[in-house]
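Topology and contacts: notes
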Amino acid sequence: MAMIAIDGPAASGKSTVGRLLAEQLNYLYLDTGCMYRAVTWAALQQNIDIGDETAVTQLAHDIQMEIYPVRDEEADGRHYTVHVAGQDITWELRTPAVDANVSQVSSYLGVRQEMVKRQRAFGERGAVVMVGRDIGTVVMPDAPLKLYITASAEERARRRTRDRSEQGHIANYDDILADVLRRDQIDSSRTHSPLRPAADAILIDSTDQPPAAIVNAILQMIQEPVNGER
Ligand code: DC
């Protein structure tokens, strides 16, 4: 099994599951959301108007972005490191300003095409767990295992509120729930690669299940292939 595709809405637990799964299998882990976040961060940094599709798309082509596993000297709770033009911006990707603008940036076709190209190149290394919104449907439609992880909007907002306050940001549950619902709406109704499960994805509801239990179930699934296919 060279490739595992995991999709689902914001804060569904897909990143935690993907990361643990990659650890267990000794696979590379790629959170593709961080790529759209890096483009958004760079646009804000350079004062590019987020509504200017041409300028944001040009930036997506030009951006020099590197994502790699955490080195010992960088360990500060991060799960991977993201550099843009040599600068470590891993934590900048989680700020409310990036959260507020990333859905719009990721709705642009040219931005998506460029990110998908880079994601496929990463996938070609093999032994990868890739997490996002369109991995099973667009980026890696031939992945032998596709998972679609969801949870109720309220549970996702609770998780995001907790994460945000643990990172030292001000976190108001009602505002975060409104933002989760707004992003769900944008991500699933956009014209290009809307958020939806692939026809052959396995659906998992994480509302009442801890990530470790989901990971164990997936590992069991991989070890006991259906019809000997995997
Ligand atoms: O998973 P996340 O919250 O870091 O994703 C940030 C944004 O990027 C979110 O609005 C959805 C978008 N995204 C996407 O359109 N396609 C992906 N493969 C990953 C993320």
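Basis of the calculations
- Along each chain, the written sequence defines residue order, and numbers are assigned to residues from 1.
- The predicted nature of this model means local features are confined to residues of pLDDT at least 70 and side-chain atom pairs, given and counted, to a pLDDT of 80 or more, with totals for whole chains, interfaces and linings taken over all residues.
- For side-chain calculations, the full set of non-hydrogen atoms in the structure is used, while hydrogens and water are omitted.
- Centre distance within 6.5 Å is the pairing criterion for rings of Phe, Tyr and Trp, where only the six-membered ring of Trp is used; planes under 30 degrees apart are then read as stacked, over 60 as edge-to-face, and the remainder as tilted.
- Charge-over-ring placement is defined geometrically: NZ (Lys) or CZ (Arg) within 6 Å of the ring centre, and within 35 degrees of the ring normal.
- One heavy atom within 4 Å of a molecule or strand is enough for the residue carrying it to be called near that molecule or strand.
- In the analysis that follows, any N or O atom pair within 3.5 Å is treated as a polar contact, provided that within protein one partner can donate a hydrogen and the other can accept it, and provided that, for residues neighboring in sequence, both atoms belong to side chains.
- Here, Shrake-Rupley sampling with a 1.4 Å probe gives the accessible areas, and only protein chains in the shown set may cover a residue.
- Cavity: a set of points on a 1 Å grid over the protein atoms alone where a 1.4 Å probe fits but cannot get out. Pocket: an open set with protein on both sides within 12 Å along at least five of seven lines, its lining residues, like those of a cavity, having an atom within 4 Å of a point.
- Cavity and pocket membership follows a simple rule, namely that a molecule belongs there if more than half of its atoms are within 2 Å of the grid points.
- By the criteria applied, helices consist of DSSP H or I runs no shorter than four residues and strands consist of E runs no shorter than two, each listed in order from the N terminus.
- Side-chain classes are defined by residue name, with Ala, Val, Leu, Ile, Met, Phe, Trp, Tyr, Cys and Pro counting as nonpolar, Asp, Glu, Lys and Arg as charged, and the others, Gly among them, as polar.
- Two strands are said to pair when DSSP picks up at least two bridges between them.
- To obtain an axis, a line is fitted to C-alpha atoms, over the contacting stretch when the element is a helix, and the angle between two such axes runs from 0 to 180 degrees between their N-to-C directions.
- Salt bridges are counted wherever a side-chain nitrogen of Lys or Arg sits within 4 Å of a carboxyl oxygen of Asp or Glu.
- Partly exposed residues are those whose accessible area sits between 20% and 50% of the maximum for their type, while under 20% is buried and over 50% is exposed, using a 1.4 Å probe and protein chains only.

**Digging into the packing of aromatic side chains**
One pair of aromatic rings is described through two measures. These are the centre distance and the angle between the planes. What the rule picks out here adds up to one aromatic pair. The aromatic ring of Phe122 is capped on one face by Arg125, whose charged end is 4.2 Å from the ring centroid.

**Comments concerning the site of the ligand**
Lining the immediate surroundings of the ligand are 16 residues, of which Arg37, Arg112, Arg133, Asp134 and Arg190 lie closest. In the model, an oxygen atom of the ligand is placed 2.6 Å from a nitrogen or oxygen of the Arg37 side chain. Between Ser103 and the ligand, the recorded distance is 3.1 Å, taken from a side-chain N or O atom to an oxygen atom. Starting from 450 Å² of accessible surface for the ligand in isolation, the protein chains cover 98%. Here the ligand is seated within the largest pocket. Listed by contribution, the elements that provide at least two residues to the shell around the ligand are helix 2 (33-45), helix 4 (96-105) and helix 8 (173-189). When the residues that make up the shell around the ligand are grouped by side-chain class, the tally is two nonpolar, five polar and nine charged.

**Quick look at the sheet that holds strand 8 (residues 202-205)**
Pairing is parallel across the open sheet formed by five strands, whose spatial order is 2-6-1-7-8. Looking at strand neighbours, the two that pair on one side only are strand 2 (28-31) and strand 8, the edges of this open sheet. Taken over all neighbouring pairs, the strand axes of this sheet differ in orientation by 20 degrees on average, direction set aside. Across four bridges, the pairing between strand 7 (residues 145-150) and strand 8 is parallel.

**Structural notes on the pattern of salt bridges**
Tallying each qualifying case throughout the model produces 16 salt bridges. Residue Arg164 is joined to Asp99 by a salt bridge in which the shortest nitrogen-to-oxygen separation is 2.1 Å. One end of the pair, Arg164, is in helix 7 (residues 153-166); the other, Asp99, is in helix 4, and 65 residues separate them in sequence. A single burial state applies to Arg164 and to Asp99, both of which are buried. Beyond isolated ion pairs, a larger network of salt bridges with shared partners links Arg37, Asp99 and Arg164.

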